[in-house]
Amino acid sequence: TTDGRFSGILAPYFRSVMTDITAPLAIAIFSFIFVEFWGLQSLGMGYLGKFFAFGAIKKGPLGIIDIFVGILELVSEFSRIVSFTFRLFGNIFAGEVLLLMMTFLVPFLLVDVFYGLELFVGLIQAFVFAMLTTVFAVTAVSHHGGEHDEHGGDPSQAGHAPAH
């Protein structure tokens, strides 16, 4: 108004839950905990061998490389929390900002198209989050290291019929 008082308030009652950083962080931590749980459940304490190369000291100077790779794997696991959180938060928050801007720039009926697009983007983000969690879980439960198949054959020939 002309007298300098504030005449209204913008209260986002229908804002997405994922535009608050704590919700994507909670889901990312939940995903991280269960991926690690599945890895430990599937491989036992041997799962920790990819992070902590206990036998690397026996190798001598080359064992330092295995220890360093283990530290990188550990950092990689924890960086997934940050990656998941900010990927989800950033995409949904950017959509909310787009909706707010379009509300002031275009007529109301045209904004409905953007709401529909934001619903689609939300579904895509949920799918990406689920697929990444699945990929990380499959990676966690698969055996690591230089193991060969059970029959002692060449791993590169697995599933191929012998040549005659």
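For the structure given in this document, a descriptive report is provided here. (Residues numbered from 1 in each chain as written. Predicted model: local features only at pLDDT ≥ 70, side-chain atom pairs only at ≥ 80, totals over all residues. Heavy atoms only, no water.)

1. Section: the pattern of salt bridges
Inspection of every chain in the model, using the stated rule, returns two salt bridges. As a salt-bridge pair, Glu77 and Lys50 come within 3.4 Å of each other at their nearest N and O atoms. Residue Glu77 is located in helix 2 (residues 63-105), and its partner Lys50 is located in the loop between helix 1 (22-43) and helix 2; the two are separated by 27 residues in the primary sequence. Relative accessible area serves as the criterion here: at 2%, Glu77 is assigned to the buried category. The exposure class of Lys50 is buried, given its relative accessible area of 12%. Between Glu77 and Arg80 there is a salt bridge; the shortest N-O distance is 3.2 Å. (Salt bridge = Lys/Arg side-chain N within 4 Å of Asp/Glu carboxyl O. Helix = DSSP H or I, 4+ residues; strand = E, 2+ residues; numbered from the N terminus. Buried < 20%, exposed > 50% of the residue type's maximum accessible area, 1.4 Å probe, protein only.)

2. Some points on the environment of Arg87
Assignment of secondary structure puts Arg87 in helix 2. For Arg87, a relative accessible area of 33% corresponds to the partly exposed category. In the structure, Arg87 is positioned 63 residues away from Pro24 in sequence and 8.8 Å away in space, judged by C-alpha atoms. Excluding its chain neighbours within four sequence positions, the residues that come into contact with Arg87 are Gln125, Val128 and Leu132. (Contact = heavy atoms within 4.5 Å.)

3. Considering a nonpolar patch on the surface
Judged by side-chain polarity, Leu25, Ile29, Phe30, Ile33, Phe34, Phe37, Trp38 and Val141 come together as a nonpolar surface patch covering roughly 680 Å² of accessible area. Broken down by element, the nonpolar patch gets its largest block of residues, seven residues, from helix 1. Along the polypeptide, Leu25 turns up in helix 1. Under the relative-accessibility criterion, Leu25 is labelled partly exposed at 34%. (Patch = residues over 30% accessible without salt bridge, like charges linked within 9 Å, V, L, I, M, F, W, Y side chains within 5 Å. Areas by Shrake-Rupley, 256 points an atom, 1.4 Å probe, with all protein chains shown as cover.)

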